[in-house]
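One-letter residues, chain by chain:
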Amino acid sequence: MDETYFLREQTAAKHFILRHYLQELALITLQSSFRTLTYVDGFSGPWESRTDDFSDTSFMIAIKVLKDIQWSLKARGHSPVIKCFFVENNAAAFAQLQSAVAKYHKPADGFHVATFRGRFEDSIPSILAYAQEMTLTFIDPTGWTEYAFDQIGPLLKRPQSETLVNFMFDHISRFTSWDDQTITESFNGILRPGWRDRIDKTLPPGEAAARLFCKEFKNAGAFSHVVSTPIKKLSDRTHFCITYGTRHSKGLEVYRDVEHRTLKLHEFRRLETKLAKVEASSGQGHMFGAADLSASQVFDAQCLAEKRAASDWLESGIKQRGEREYFRAIWPKMLELFMIKKTIAKDVCKELADRGIIRATWKDRGPKNKKPNDDDLIEPRI
């Protein structure tokens, strides 16, 4: 068990997503048409770090990932440039941040680090002047009042940019059903004024707020795709949602892959911690460890439910509306609507073909082709 994240399993999941998505993004972009990658951390901290070197903080995770990627690509003949921009408003935390990251600022090596003391909203002009080419912004606040979309919209709308934002689901769900005007107005920055009239009142408050948040986030950044990953506490309640915005279907594909790996590991860690707490309270060991139990059962069941929902959605579109589109147009819609990977979207199409709902057009390319590719047409079987 990793003691660094003991009883902070949700933080471990958040950092896993950041670490592995940033790694994938850097590898893909810096080996394509981009030479520079900019990483922006809007609420850097450090907060609640348990390590002397801040290795369990978002800013140090990003520096480590990006330095490793830069070194690897330089060894292969590339010349990538990395730019990091860290924002922190708290004076004490900023002093720690600045001291920790200063030694990594080495422009001669193509690794740049800039810091900003102040509110994230106030840093946007500086970030826009600093950022180059592909940019990933990580927004991880302790609340919801310091990143109004109208204020940070210019950063979100940068053409070559993606954003990860932590939506504080558990905290927000406690307040969105209240009639207190002060509380209501505090959500105007992320849900937009008049949100009480636009929120879906048929849903539980937290879920309704999260859904409206995704819609407003998508509009604010002019994103093509927005998805949200719920991260549970030990109590099985959703603690927060990592919400991801992108303009590229490839980014959506990569993010869903990272998400699946994250949630499967998160279920294991949650079970491991629960067993440790039971053992500590009872003073007795367990015959089985977490690895011996089916730690992924809950997640596997969720994946199956999402796959079935995606299949029903596609079948309905084909049967009721006679839709026919190339697979490259269908799978991004499926990944945005349902928590599935591209490989599962392929499986859905294959199974619908096996049932006679759609035509297995991919076999026109040869009998050995078992599943669709992007250029295969998904159409009803006549």
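Residues numbered from 1 in each chain as written. Predicted model: local features only at pLDDT ≥ 70, side-chain atom pairs only at ≥ 80, totals over all residues. Heavy atoms only, no water.

**Topic: the overall build of the protein**
The number of helices and strands found in the protein is 14 helices and nine strands. Here the C-alpha radius of gyration of the protein, 22 Å, is about what a compact globule of 382 residues would show, namely 21 Å. If one aligns the C-alpha atoms of the protein with their principal axes, the spans along those axes are about 70 × 55 × 50 Å. Looking at the 382 residues of the protein, the share that counts as buried comes to 51%. Within the protein, residue pairs in contact and separated by at least 24 positions form 70% of the contacts whose partners lie at least 6 positions apart. Accessible surface, the protein as shown: approximately 17,900 Å² in total, 50% of it carbon and sulfur. In the protein, the 55 positive side-chain charges and the 50 negative ones have mean positions that sit 5 Å from each other. (Helix = DSSP H or I, 4+ residues; strand = E, 2+ residues; numbered from the N terminus. Rg over C-alpha atoms; globule rule 2.2 N^0.38 Å. Buried < 20%, exposed > 50% of the residue type's maximum accessible area, 1.4 Å probe, protein only. Contact = heavy atoms within 4.5 Å. Areas by Shrake-Rupley, 256 points an atom, 1.4 Å probe, with all protein chains shown as cover. Lys, Arg positive; Asp, Glu negative; His and termini not counted. Charge placed at Lys NZ, Arg CZ, Asp CG, Glu CD.)

**So, the sheet that holds strand β2 (residues 81-88)**
Working definition: the strands of a sheet are paired by backbone hydrogen bonds and lie parallel or antiparallel to each other. Strand order in this open sheet of seven strands is β3-β2-β1-β4-β5-β7-β6, and the pairing throughout is mixed. On the outer flanks of this sheet lie β3 (111-117) and β6 (225-232), each paired with one strand and no other. On average, each strand axis in the sheet is tilted by 15° relative to the strand beside it, whichever way the strands run. In this structure, strand β1 (residues 36-41) lies alongside β2, joined through six bridges in parallel fashion. Along β2, the bridge assignment pairs V40 with F85. Contacting β1, β2, β4 (134-139), β5 (161-167), β6 and β7 (238-246), helix α1 (residues 9-30) runs over the sheet at an angle of about 160° to β1. (Pairing = 2+ DSSP bridges. Axes fitted to C-alpha atoms, helices over the stretch in contact; angles between N-to-C directions.)

**Some thoughts on helix α2 (residues 58-75)**
The end-to-end C-alpha distance of α2, which contains 18 residues, comes to 26 Å, matching closely the 26 Å that a straight helix rising 1.5 Å per residue would cover. In the core, the buried residues of α2 are packed alongside α1, β1, β2, α3 (91-101), β3 and β4. (Expected span 1.5 Å × (residues − 1).)

**So, the environment of P230**
If you trace the backbone, P230 turns up in strand β6. Once residues lying within four places of it in the same chain are set aside, the contact partners of P230 are T238, F240, C241, L263 and M339.

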